[in-house]
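Chain by chain, the residues:
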Amino acid sequence: DGAILEPHAVVFARVWIGRRVVVGAGSLVGRPGFGFVGAPQTLAQRVPHRAGVVVGDDVELGAHCTVDAGILAPTRIGAQSKLDSHVHVGHGVELGQRVRIAAQVGLAGSVVVEDDVWIGGQAGIADHVRVGRGARIAAKAGVIGDIESGSVVAGYPAVARTRWLRGQARL
């Protein structure tokens, strides 16, 4: 109801789109994610990604976003979340409600981002990381471990922003 698919947006099978959702131009929602099995010397076999994607109400995906389908459970984007252009959401990711993600962010598979989190542009989050409610991740941060609720982090590896700033000042 009221969803808008901008030009060249592609929505694959097993995708549920909420009310008043905008899928930006050139975005792909529900394509199989990057999941392969096999020994290095054999031909890699794709793992089926049949769990799909669930996009909550009032979500906006900017232009050229990719949201991969889940393997065992759907990839989820919570209500009122907003993703800027060129954001990649890996398979099995769970985004809470009111999450804000700036351009060129990458979330690897099985990341959990709780409600009200903001992520700055070009940040990257490694697989199986949990980002607590209300956390803030600075632009270009590299998150390789869990982030506590309400934390503000920066740098690589991402640490408390004040600690990162002191380290930069020492340099």
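Reference entry: report on the structure contained in this document. (Residues numbered from 1 in each chain as written. Predicted model: local features only at pLDDT ≥ 70, side-chain atom pairs only at ≥ 80, totals over all residues. Heavy atoms only, no water.)

**Overview of the packing of aromatic side chains**
No. 1: Taken as a whole and judged by the stated rule, the model has one aromatic pair.
No. 2: Between F34 and F36, the ring centres sit 5.3 Å apart and the planes meet at 70°, which makes this aromatic pair edge-to-face.
No. 3: Residue classification places F36 among the partly exposed residues on the basis of a relative accessible area of 37%.
No. 4: In this structure, R136 packs its charged tip against the face of W118, placed 4.1 Å from the ring centre. (Phe/Tyr/Trp six-rings, centres within 6.5 Å; stacked < 30°, edge-to-face > 60°. Buried < 20%, exposed > 50% of the residue type's maximum accessible area, 1.4 Å probe, protein only. Lys NZ or Arg CZ within 6 Å of the ring centre and 35° of its normal.)

**Topic: the sheet that holds strand β2 (residues 10-11)**
No. 1: Taken in spatial order, the seven strands make up an open sheet running β2-β5-β10-β13-β16-β19-β22, and their pairing is parallel. Each edge of the open sheet is held by one strand with a lone partner, namely β2 and β22 (142-143).
No. 2: Alignment of strand β13 (residues 88-89) against strand β16 (residues 106-107), held across two bridges, turns out to be parallel. Within β16, the residue paired with V89 across the bridge is L107. (Pairing = 2+ DSSP bridges. Helix = DSSP H or I, 4+ residues; strand = E, 2+ residues; numbered from the N terminus.)

**Things to note about unusual backbone geometry**
No. 1: In this chain, Y156 is followed by P157 through a cis amide linkage whose omega measures -5°.
No. 2: With respect to the secondary-structure elements, P157 resides in the loop between β23 (152-154) and β24 (159-160).
No. 3: For R98, which is not a glycine, the phi torsion comes out positive at approximately 60°.
No. 4: Here R98 shows up in the loop between β14 (94-95) and β15 (100-101).
No. 5: If you check the backbone angles, Q122 has positive phi at about 65° while not being a glycine.
No. 6: Mapping Q122 onto the fold places it in the loop between β18 (118-119) and β19 (124-125).

**Observations regarding the side chain of H91**
No. 1: Relative to the assigned elements, H91 resides in the loop between β13 and β14.
No. 2: Excluding residues that lie within four positions of it along the chain, H91 makes contacts with G33, F34, H49, D68, A69, G70, I71, T75, G109 and S110. (Contact = heavy atoms within 4.5 Å.)

**Describing the pairing of strand β10 (residues 66-69)**
No. 1: By the bridge criterion, four bridges tie strand β5 (residues 28-32) to β10 in an arrangement that is parallel. Looking at the pairing, R31 lines up with D68 of β10.
No. 2: Sheet topology note: the β10/β13 ladder contains two bridges and is parallel. Considered in β13, the bridge of T66 is made with H88.

**Re the pattern of salt bridges**
No. 1: On inspection of all chains with the given rule, the structure shows six salt bridges.
No. 2: Between R133 and D116 there is a salt bridge, and its shortest N-O distance comes to 3.1 Å. In this pair, R133 sits in the loop between β20 (130-131) and β21 (136-137) while D116 sits in the loop between β17 (112-113) and β18, placing the two residues 17 residues apart along the sequence.
No. 3: A single salt-bridge network, built from bridges that share partners, covers R98, D115, D116 and R133. (Salt bridge = Lys/Arg side-chain N within 4 Å of Asp/Glu carboxyl O.)

**With respect to the sheet that holds strand β3 (residues 15-17)**
Remark on secondary structure: sheet strands pair via backbone hydrogen bonds, oriented parallel or antiparallel.
No. 1: Strand order in the open sheet formed by six strands is β3-β8-β11-β14-β17-β20, and the pairing between neighbours is parallel. Each having just a single partner strand, β3 and β20 make up the two edges of the open sheet.
No. 2: Pairing of β17 with β20, which is carried by two bridges, proceeds in the parallel orientation. Bridge pairing in β20 links V113 to V131.

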